[in-house]
Amino acid sequence: ISSSSLKIPTRPQDEDKGEGKVYGNVFAELESVDLPLGTTLRSVYDDQPNAHKRFMEKLDARIRNHDREIEKMCNFHHQGFVDAITELLKVRADAEKLMGQVSDTNRRLQDAGREVTAQTEEVIRCRIQQRNMATTVEKLQLCIPVLEMYSKLKEQLESKRYYSALKTMEQLQNIYIPRVSQYRFCQIMAETLPKLREEIKEISMSDLKDFLESIRKHSDKIGETAMRQAQQHRTFNSAVQKQVTLSCAKPLYGLNGRTPLQHNGLSTEAADEEEMDEKVLTVQDLVDFSPVYRCLHIYTVLGDRETFENYYRKQRKKQARLVLQPQSNMHETMEGYRKYFNQIVGFFVVEDHILHATQGLVTRAFTDELWNMALSKIIAVLRTHSSYCNDPDLVLELKNLIVIFADTLQGYGFPVNRLFDLLFEVRDQYNETLLKKWALVFRDIFEQDNYSPIPVENEEEYKAVISRFPFHDAEIEKQQFPKKLPMSQSVPQIYSQVKEFIYASLKFSESLHRSSTEIDDMLRKSTNLLLTRTLSSCLQNLIKKPHIGLTELVQIIINTTHLEHACKYLEDFITNITNVSPETVHTTRLYGLSTFKDARHAAEGEIYTKLNQKIDEFIQLADYEWGMAESDGRASGYLIDLINFLRSTFQVFTHLPGKVAQTACMSACKHLATSLMQMLLDTELKQISMGAIQQFNLDVIQCERE
C-alpha cells in the first residue's frame, strides 16, 4: 500500500506553531480527493520565499511518518497473514480437486444440456412457425376474399359480363381492398382497377359501334317488316270498310311488341285470322339491343352516362343523314324508293324502341327533332325525284308506298300530315303523267278511226256499242238491222278511255284519308283537265291536220255532239263511284260541254275554210278566153264540176245541224261570188270581148239555178 494514499493524522509536536499549521492544512487538502490541487499548490509556492524547499522537507517528514505507521501496522498483522497463507496452501489441493470435479460436472452438464438446448431451439422454432402460420392463416383469411373477388372479376371480364364486373370492382375497391391495403399485391390490384374500368368502357363502346353498324345494315329489313305489317293491316281495314262506313283511323302495328288497341271496333285478333296466323316479327327478333343496354348500364355505373348519351345521339344523327341521302337514280325504279323508305322506317322503329326500352337515352324531344329534320329532307327528296317520273303506274306505286310509309310511322306516333300534303303535289304530278298518257291514247284513237258511222249487223253488236257508250235514239232503235249509228268508232272509245282515266285518278285518291266529297272534287277537277286540256288539244290538232277532209270534219262535229251529250253520264259515273250525293253543295261541274262546243266550232270553221279552199282550187282551173268571139252556149266545165262537188258535199251536210249546213252553204256561195267578181275585176285583165262576157254570164246563171 502506497504511503501517499494513506491519511495519517498530523502530529502537532512535529510542526511549528505557525508554519506547521499552514502545511498541516496544505497536506490535509492534498490528501483530500475532493479539492482541486492546482489552487493548493499555488498557495504553497506563492506564500514566501523558499517555501518550496521547506514544503518538500515537510513533505518528506510527513512521508516518513506515514511509512512508520504502515510498518507498525504490518507488523501487527504479520502473523495473521502468515497463518492465512498457510491455510490457503492447505486449501489449494482441495480447490484443485474441487476444480476438477466442477469441470467434470460442467462437462457432463454441458453434454446433457446440449440436447436440451437443441430440443429447446426446435421448440422455439416450431413455436415461431406456428405463430407465423397462425398469422399467415389470419392474413390469408383476409386476402382470400379479395383474391376470389378478383378472380371472379377476371371471369366476368372473360365472359363479357361487364356490368357484373363493374359491380365486383366496386365491392373490391370499397370493401375488400381496404382490409388488406398494406399488401403490395392489393396496391397493384387497386391501381389496376381504373385501367380495367377504362378497358370496359372502350370494349362497351366498341360493342356499341358494332351495334350501330349492325342496325345500319338491318334498317332495311326492319323497315321492310314494319311496312309489310302496315300493308297487311291496311288491306284488312280496306276489306272492312267495304262493309261498314268507317272514319279514318291510324293503322296498328306490332313490330315493337306493343299491345294493339281496338281499331274501328275490331281487334287485331281478326287481323291475325286474316293474315293466316302469320308470325309477327318484333324488332327484337331482328336486332340484338343488348350492347346498347349493357353500354348504358356501364356508363351509368361509371358516372359517365351523359357522355354515352351524347355520343349515341350524335352517331344516330349522323346515321340519319346517311339514311336520308337517296341514290341518284332512285326515281328510275320502285325498288329504289322502297329501299329508301325501308331504311328510314327501320331507323325510326329502332329509335322508337330505344325510346321506350331505355330511360332517357333518347327523349321524345330528340326523336321529334330527328323526325322533323328527316321529314323535311324526305319531302324535298320526293318532290325532286317524283318530278323526274313520267310513268303514271310508277307514280301510283310511289303514292301507295308513301301512304304505307306514312301509316307505318304514324303508328309509332310520328306526325305525317306533311307527307299527305306532299301527296297532293304528287297527285298533280300523277295527273300530269296521266294526261300525257291519255294524250297518246286519244291520238291513237283518232288516227285509227275511219270517221264513218258505226255499222251494227245485229242486236248483239248494238248492245256491245251502247254498253260502252250511253246512246239512245228512238228512231234508230226502230230501224231494222243492219243499221248505222251516227257517231264513228272513236266516240265509244273516247268515252271508255275517259272512264278509265277517272278510275286511274281515283286509284291515287284512295287511302289519302280524305272525305268522299274531297275525292269527288279531285276527280272532277282532274277530269276537267283531261277534257279541257288534253282531249281539247287532241281535237284541235286533229281538226287542223291536212289529211282531214270535209267528210271527216262533218263526222267530227257529229262525234263531239254525242260526246257533249254524254258528259252528264260522266258526272253521274263520278258521283256513283265516290258515293257523293248529287245534291251536294259546291260540286264541281264538268267542263266537257264547253270543250266539245269549242271543238265543234273549230271543226265548223275548218269546214268553211276547207270548202273555200276547194272552191279556190276549182276556180284556179278556170281558163277563160277573154277575147273569144262568142260563148259556148253552156256553163264552163270547171263550174259544172264545182257545182257537182258542192252538191255532194251539201248532201253530207244533211247530218249537221241545220244552222251549220245553212251557214256552210251561204259561206260557199258568198266565197264563190266574191271569187268570180275578183276574176272579172282582175287588174291584169286588159280587155274582155263580148263573147267572154256572155260565157261568164252563163256561168253566173248556172250558179243561180243551183
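Owing to the predicted nature of the structure, the values given are computational and were not obtained by experimental measurement. (Residues numbered from 1 in each chain as written. Predicted model: local features only at pLDDT ≥ 70, side-chain atom pairs only at ≥ 80, totals over all residues. Heavy atoms only, no water.)

S.K.: Looking at this model, I keep getting lost on the overall build of the protein. Mind explaining?
M.R.: Counting its regular elements, the protein contains 23 helices and two strands. The contacts in the protein between residues at least 6 apart in sequence include a share of 80% that link residues at least 24 apart. Summing over all exposed atoms, the protein offers an accessible surface of approximately 40,600 Å²; the carbon and sulfur share of this is 52%. (Helix = DSSP H or I, 4+ residues; strand = E, 2+ residues; numbered from the N terminus. Contact = heavy atoms within 4.5 Å. Areas by Shrake-Rupley, 256 points an atom, 1.4 Å probe, with all protein chains shown as cover.)

S.K.: Is there a simple way to explain the packing of aromatic side chains in this structure?
M.R.: In this description, an aromatic ring pair is defined by two values, namely the gap between the centres and the angle between the planes. The full count for this structure, using the stated rule, is 16 aromatic pairs. Between the aromatic rings of Phe-348 and Phe-414, the centroid separation amounts to 5.3 Å while the plane-to-plane angle is 70°, which identifies the pairing as edge-to-face. On the criterion of sequence distance, the pair formed by Phe-348 in helix α10 (residues 334–357) and Phe-414 in the loop between α12 (392–411) and α13 (417–448) is long-range, its members being 66 residues apart. Exposure class is identical for Phe-348 and Phe-414. Each is buried. Note that Lys-399 overlies the ring of Phe-508, its terminal NZ or CZ placed 5.9 Å from the centroid. (Phe/Tyr/Trp six-rings, centres within 6.5 Å; stacked < 30°, edge-to-face > 60°. Buried < 20%, exposed > 50% of the residue type's maximum accessible area, 1.4 Å probe, protein only. Lys NZ or Arg CZ within 6 Å of the ring centre and 35° of its normal.)

S.K.: Even after reading the chapter, I still don't get the nonpolar core, so can you show me in this structure?
M.R.: One finds Leu-172, Phe-341, Trp-371, Ile-378, Phe-405 and Phe-442 to be the most contacted residues of the largest nonpolar core, which totals 163 residues. Apart from residues lying up to four places away in sequence, Leu-172 is in contact with Val-146, Met-149, Tyr-150, Leu-153, Ile-177, Pro-178, Met-189 and Leu-193. (Core = buried A, V, L, I, M, F, W, Y, C linked by side-chain atoms within 4.5 Å.)

S.K.: When you look at empty space enclosed by the protein in this model, what are you seeing that I'm missing?
M.R.: A complete count under the given rule lists three cavities of 30 Å³ or more for this structure. Each pocket or cavity is described by its volume, and for the second largest cavity that value is around 70 Å³. Phe-446, Tyr-451, Ser-490, Val-491, Leu-539, Leu-542, Ile-556, Asn-559, Thr-560 and Leu-563 together form the lining of the second largest cavity. In terms of residue count, helix α18 (residues 550–565) provides more of the lining of the second largest cavity than any other element does, four residues in total. (1 Å grid on protein atoms, 1.4 Å probe; cavity = no way out; pocket = protein on both sides within 12 Å on 5 of 7 lines; lining within 4 Å. Points joined across faces, edges and corners; volume = space filled by probe spheres on them.)

S.K.: Even after reading the chapter, I still don't get the pattern of salt bridges, so can you show me in this structure?
M.R.: Where charged atoms of side chains with opposite charge meet at close range, the side chains can pair. One pass over the full model with this rule turns up 18 salt bridges. Note that Glu-335 is salt-bridged to Arg-338, the shortest N-O span being 3.3 Å. In this pair, Glu-335 and Arg-338 both sit in helix α10, three residues apart, roughly one turn of the helix. It is possible to trace a salt-bridge network through shared partners that takes in Asp-104, Arg-107, Arg-108, Asp-111 and Arg-114. (Salt bridge = Lys/Arg side-chain N within 4 Å of Asp/Glu carboxyl O.)

S.K.: How should the packing of α13 against helix α17 (residues 516–544) be read in this particular structure?
M.R.: For any two helices packed against each other, the geometry is given by the interaxial angle and the distance between the axes. Contact pair α13 / α17: the axes reach a minimum separation of 9 Å and the direction vectors enclose 35°. The hand of the α13/α17 crossing is right-handed. Contact with α13, carried on its side by Phe-424, Arg-427, Asn-431, Glu-432, Leu-435, Trp-438, Ala-439, Phe-442 and Phe-446, involves Met-522, Ser-526, Leu-529, Leu-530, Arg-533, Thr-534, Leu-535, Cys-538, Leu-539 and Leu-542 of α17 and no other residues of that element. (Axes fitted to C-alpha atoms, helices over the stretch in contact; angles between N-to-C directions. Left-handed = near helix turned anticlockwise from the far one by under 90°.)

S.K.: Would you take a moment to explain the packing of helix α16 (residues 490–509) against α18 for this structure?
M.R.: Interaxial distance between α16 and α18 falls to 10 Å at its minimum, and their mutual angle equals 35°. α16 and α18 meet at a crossing whose hand is right-handed. Contacts between α16 and α18 pair Ser-490, Val-491 and Ile-494 from the former with Asn-559, His-562 and Leu-563 from the latter. Classifying every residue of the contact of α16 with α18 by side-chain character gives three nonpolar, three polar and no charged. (Nonpolar A, V, L, I, M, F, W, Y, C, P; charged D, E, K, R; others polar.)

S.K.: Got a minute to help me understand helix α9 (residues 305–323) in this structure?
M.R.: For an α-helix the count is 3.6 residues per turn, leaving residues at separations of three or four pointing the same way. Helix length check: α9 (19 residues) gives 27 Å between terminal C-alpha atoms against 27 Å at 1.5 Å per residue, within 8%. Turning to α9, its buried residues number three or more, namely Phe-308, Glu-309, Tyr-312, Gln-315, Arg-316, Gln-319, Ala-320 and Val-323. What you see down the axis of α9 is that its buried residues fit within an arc of 150°, all on one side. Seen from the open side of α9, the exposed residues pointing more than 90 degrees away from its buried face are Glu-306 and Arg-321. (Expected span 1.5 Å × (residues − 1). Arc of directions from axis to C-beta.)

S.K.: Looking at this structure, how should I read the confidence of the model for the protein?
M.R.: In low-pLDDT regions, the fine details of the predicted coordinates are not to be read closely. When the pLDDT values of the protein are averaged, the result is 79; 84% of them are 70 or greater. Between the elements of the protein, mean pLDDT differs from a low of 42, seen in helix α6 (residues 268–274), to a high of 90, seen in α16. For the stretch residues 1–15, pLDDT sits under 50, and the model shows 27 contacts to residues farther than four places along the chain or on other chains. Low pLDDT (under 50) marks residues 245–278, which in the prediction has 66 contacts with non-local residues, meaning those over four places away or in another chain. (pLDDT = per-residue confidence, 0-100.)

S.K.: How do you make sense of unusual backbone geometry when you look at a structure like this?
M.R.: Excluding glycine, a negative phi dihedral is what most residues carry, and trans is how most peptide bonds are arranged. Cis geometry marks the peptide bond from Phe-481 to Pro-482; its omega dihedral reads -5°. Inspection of the secondary structure assignment puts Pro-482 in the loop between α15 (474–478) and β2 (483–485).

S.K.: Would you take a moment to explain the side chain of Ser-536 for this structure?
M.R.: Here Ser-536 is to be found in helix α17. Apart from residues lying up to four places away in sequence, Ser-536 is in contact with Leu-531 and Thr-595.

S.K.: So what exactly am I meant to see when it comes to the side chain of Asp-449 here?
M.R.: Its place among the elements puts Asp-449 in the loop between α13 and β1 (454–456). Although buried, Asp-449 forms no salt bridge, and the nearest oppositely charged side chain, Arg-468, lies 10.0 Å from it. Reaching out from Asp-449, the side chain makes a polar contact with the side chain of Ser-490 at a distance of 2.8 Å. Beyond its immediate stretch of four places on either side in the chain, Asp-449 contacts Ser-488, Gln-489, Ser-490 and Asn-559. (Lys, Arg positive; Asp, Glu negative; His and termini not counted. Polar contact = N/O pair within 3.5 Å; in protein donor to acceptor, adjacent residues only side chain to side chain.)

S.K.: I tried to follow the state of the cysteines on my own but got confused; where do I start?
M.R.: By definition, a disulfide is the covalent link that joins the sulfur atoms of two cysteine residues. Across all of its chains, the model carries zero disulfides by this definition. In this structure Cys-143 is not part of a disulfide, and its nearest cysteine sulfur, from Cys-186, lies 5.5 Å away. (Disulfide = S-S within 2.5 Å.)

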